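# Structural overview for review
Read off the chains here:
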Amino acid sequence: MKKILVVEDEAIVAQDIKSKLEDLNYIVPKIVYNGKDAIKSVSKLDIDLILMDIMLQGDMDGIEAAEEIKKYFDIPIIYISAHSDKNTLKRAKLTEPFGYLIKPFDENELQISIEIALYKHKMDSKIRYIGTHDALTGLYNRAYFQQEISRLVSENSSTVGVIVCDLDGLKLINDTLGHDKGDEALEIASNIMKENVRVDDIVARIGGDEFAILIPNTSKKDVRKIYERIKESFKDNNLLSVTKIPWSISIGYATTEANINVYEAQKLAEDHMYREKLGKSQSSRSNVSKILKKVLEERDNETADHLDRLDTITLKFAKKLSLSDQRINDLRLLAKFHDIGKVGIPDEILFKPDKLEKEEMRIMQRHSEIGYRIASSTSQLRPIAEFILKHHEWWNGKGYPFGLKGKKIPLESRIIAIIDAYDAMVHERSYKIAFTSKKALSEIKKCSGIQFDPCLVEEFIAMMEKSEKF
């Protein structure tokens, strides 16, 4: 039930209003008789609405009390008065009340006025919230953040700290796993930031993957503590558990202690953040593919051995085909990462022991497209992105995702398709027994001209039959 404060200097009238409100199932926690007591009561009581008499005895009338209350509290006020002269109404209007009641009034008028005021206040609050907050994370938005900077500059506030953060890897998550997973990463990041700041600090999402924090009335030492807490929290959280793809945060901070204003501190914090991001990208560029390979292997204990075997056979076959060193390097990379898109496939489909349903198969087939997007976003894997995309195309055009036929399929994709199929057949998995090498080669031959390039099949079988190792 809603709680209503009655501010009325005539005791009999106040009691009558209280009775009416209680008959209408509202709670009246208190009646006060002057403006100063009204202000004190609002600060102590949890009030949903105020019925404020305009003409109060004492040093402060109802309009002046309302002005003071509105400075600190967002509570709807309805004026009650026996007078409605123009000057009074003009003064009252400036305080933006949620209604007027002219005494005497009945219960019906009272209830209608209260319900309209409460509804209007609720809608106004929602509109204000939407205008100042980010819809996804619930943090403040860029407009509000800039508004607060302007306020702090105009007030010439004491030392203000600014922290600027940028998520590394969000685009890769969005491009490969979809925006739902990207949104999860953004929510995790926003929660980490909220958990590591003070109640009055302002945390905002100021761009797609950018966040900023305003820390008023602080010291450089305390700002650095918050900065370090956020960095450590990102390290401690198992970010891969949600996204399966590596992501992190670049972060910078500055304060106005160095005789600069908040705008300049924000620019300095951004410079520090971009410097960290640049250093991180240069040092980690070669590690991204290693991280992705590790992620894939951790999802399936059998993957690591499978990839090592593929690398060995691929190198041997590429040399037999007299390929260039560059093509050999690309093929070996393809052997390791042709199935990288499986990091984006749900476990219940990827590891399902039974035959996949039609919709599950459609989802599974997306791994080649997901792998393409991952590789395209990673400098080290970009040269093999097309080969990843097309390694499930069939020689007869019945493969996916494009139904390419014959030599329209890249040579590298045709080669890895044979090697991958062979290794899968000769090793036991949870859902199948292992074939002998002879039987696996027989199956490869049956698929010559259907799934596999006939010329490559011939060369592969000849190599494997001659090899004592396999």
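Just above, that's the structure.
Let me begin by describing the structure that accompanies this report.

About the criteria used
- Residues numbered from 1 in each chain as written.
- Predicted model: local features only at pLDDT ≥ 70, side-chain atom pairs only at ≥ 80, totals over all residues.
- Heavy atoms only, no water.
- Helix = DSSP H or I, 4+ residues; strand = E, 2+ residues; numbered from the N terminus.
- Rg over C-alpha atoms; globule rule 2.2 N^0.38 Å.
- Buried < 20%, exposed > 50% of the residue type's maximum accessible area, 1.4 Å probe, protein only.
- Contact = heavy atoms within 4.5 Å.
- Areas by Shrake-Rupley, 256 points an atom, 1.4 Å probe, with all protein chains shown as cover.
- Lys, Arg positive; Asp, Glu negative; His and termini not counted.
- Charge placed at Lys NZ, Arg CZ, Asp CG, Glu CD.
- Expected span 1.5 Å × (residues − 1).
- Polar contact = N/O pair within 3.5 Å; in protein donor to acceptor, adjacent residues only side chain to side chain.
- Pairing = 2+ DSSP bridges.
- Axes fitted to C-alpha atoms, helices over the stretch in contact; angles between N-to-C directions.
- Phe/Tyr/Trp six-rings, centres within 6.5 Å; stacked < 30°, edge-to-face > 60°.
- Lys NZ or Arg CZ within 6 Å of the ring centre and 35° of its normal.
- Parallel < 35°, antiparallel > 145°, perpendicular 65-115°, else oblique.
- Left-handed = near helix turned anticlockwise from the far one by under 90°.
- Nonpolar A, V, L, I, M, F, W, Y, C, P; charged D, E, K, R; others polar.

What follows is about the overall build of the chain. Tallying secondary structure elements over the chain gives 20 helices and ten strands in all. The globule rule puts the C-alpha radius of gyration for 470 residues at 23 Å, and the 34 Å found for the chain is more than 25% above it. Projected onto the principal axes, the alpha-carbon positions of the chain cover approximately 110 × 55 × 35 Å. Counting every position in the chain, which comprises 470 residues, the buried fraction comes to 46%. Considering only intrachain contacts with a sequence separation of at least 6, the fraction spanning at least 24 residues in the chain is 65%. Put simply, the chain shows about 24600 Å² of open surface, and 50% of that area lies on carbon and sulfur atoms. Computing the positive centroid from 72 side-chain charges and the negative centroid from 76, the chain places the two 8 Å apart.

Looking now at helix H5 (residues 107–132). Taking 1.5 Å of rise per residue, the 26 residues of H5 would be expected to cover 38 Å, and the 37 Å separating its terminal C-alpha atoms lies within 8% of that figure. Along H5, the residues classified as buried are Leu110, Ser113, Ile114, Ala117, Leu118, His121 and Thr132. You can read the cap of H5 off the contacts: a side-chain oxygen lies 3.1 Å from the backbone nitrogen of Asn108, and it is on Asp106.

Read across the sheet, five strands follow the order S2-S1-S3-S4-S5 without closing on themselves; strand pairing throughout is parallel. The sheet is open, and its two borders are formed by strand S2 (31–32) and strand S5 (100–102), each paired with just one other strand. Across three bridges, the pairing between strand S4 (residues 77–81) and S5 is parallel. Of the residues in S5, the one forming a bridge with Ser81 is Ile102. Sheet strands touched by helix H1 (residues 11–23): strand S1 (4–7), S2, strand S3 (49–53) and S4. Its angle to S1, the strand with the most contacts, is close to 160°.

All right, on to the packing of aromatic side chains then. Using the criterion set out here, one finds six aromatic pairs in the structure. Both rings, one in Tyr227 and one in Tyr253, keep their centres 4.7 Å apart while their planes meet at 45°; by these two values the pair is tilted. Here the residue Tyr227 occupies a position in helix H9 (residues 220–236), and Tyr253 occupies one in strand S10 (residues 248–255), the gap between them amounting to 26 residues. Each member of the aromatic cluster is reached from another via a ring pair, and the members are Phe317, Tyr422 and Phe460. A cation over an aromatic ring shows up here: Lys120 above the ring of Phe98, its NZ or CZ 4.9 Å from the ring centre. Sitting over the face of the ring of Phe435, Lys439 holds its NZ or CZ atom 4.3 Å from the ring centroid.

Moving on, we come to the packing of helix H7 (residues 170–177) against helix H16 (residues 367–376). The axes of two packed helices give the description: the angle between them and the distance between them. Two elements in contact, H7 and H16, have axes separated by 8 Å at closest approach and are oriented at 160°. In terms of axis orientation, H7 runs roughly antiparallel to H16. The crossing of H7 and H16 is right-handed. In this structure, H7 contributes Leu172, Asp175 and Thr176 to the contact, and H16 contributes Ile370, Arg373 and Ile374.

At a minimum axis distance of 10 Å, the contact between helix H13 (residues 325–337) and helix H18 (residues 411–426) shows a crossing angle of 50°. One element, H13, and the other, H18, form an angle in the oblique class. Crossing of H13 over H18 shows right-handed handedness. Contacts between H13 and H18 involve Arg327, Leu331, Leu334 and Ala335 from the first element and Leu411, Glu412, Ser413, Ile415 and Ile416 from the second. For the contact of H13 with H18, the per-class residue count stands at six nonpolar, one polar and two charged.

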